[in-house]
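# An overview of the molecular structure
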Amino acid sequence: MNEMNYQHAEAFALMAYQCEKCGRRERIWNSRDGVTPFITSCPREGGCGGSMQHVDWQNDRRVVGYEPQEGERFFRDGTDEEARRSVAAIVDDPEHPCPEGWTRADLIESMLEGYNPGWPKLEMVPVPVEQPPTEKE
Ligand SMILES: [Zn+2]
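Bear in mind the structure is a predicted one, so any value in this text is a computation, not a measurement.

About the thresholds
- Residues numbered from 1 in each chain as written.
- Predicted model: local features only at pLDDT ≥ 70, side-chain atom pairs only at ≥ 80, totals over all residues.
- Helix = DSSP H or I, 4+ residues; strand = E, 2+ residues; numbered from the N terminus.
- Rg over C-alpha atoms; globule rule 2.2 N^0.38 Å.
- Buried ≥ 20, exposed ≤ 12 C-beta atoms within 10 Å, placed from the backbone.
- Contact = placed C-beta atoms within 7 Å.

Looking now at the overall build of the chain. In terms of helices and strands, the chain carries two helices and seven strands. The helix and strand sequence of the chain, counted from the amino end, reads β-β-β-β-β-β-α-α-β. Over its C-alpha trace the chain gives a radius of gyration of 18 Å, far above what one expects of a compact globule, namely 14 Å for 137 residues. Each principal axis of the C-alpha distribution contributes one length, and for the chain these read about 65 × 55 × 30 Å. Burial status across the chain gives 12% buried among its 137 residues.

If you want it as structure tokens, here you go:
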């Protein structure tokens, strides 16, 4: 494989992330030749509020064509619309009040500057919901 074909060291890499708070470990795949964040939030149910760091990066493996399993998360290119939605969710969170002198629209536009085309969006492979057995008499 010619490494020079990739623009990013983490292209198609299977990476380990670990939560600094609850210790949860997770394998996350980068589905494209694009950037990935060093830190992401912990998805633990109920929310531990911690952040997960890319760990053991020396063990990252490049697996082109990897197929994430149910419940596994992976990075893909985020769209402009998703960037706008995710920024709006942060701005509208009552825990992050709008700083004085800023309008909501200004704040959103300013935050959107951090989202370049191909920004890393985390997506999870859905876990099929088990259908409750139908009752038959
Ligand atoms: Zn956690």
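Having seen it, we continue.
Checked against the element boundaries, Tyr 6 lands in the segment before strand E1 (13–19). What Tyr 6 contacts, discounting residues up to four positions off in sequence, is Ala 11 and Asp 33.

Right, let's talk about the environment of Leu 107 for a bit. Topologically, Leu 107 is positioned in helix H2 (residues 104–112). Filtering out sequence-adjacent residues up to four positions away, Leu 107 remains in contact with Val 91, Cys 98 and Trp 102.

That is the geometry; function is a separate question.
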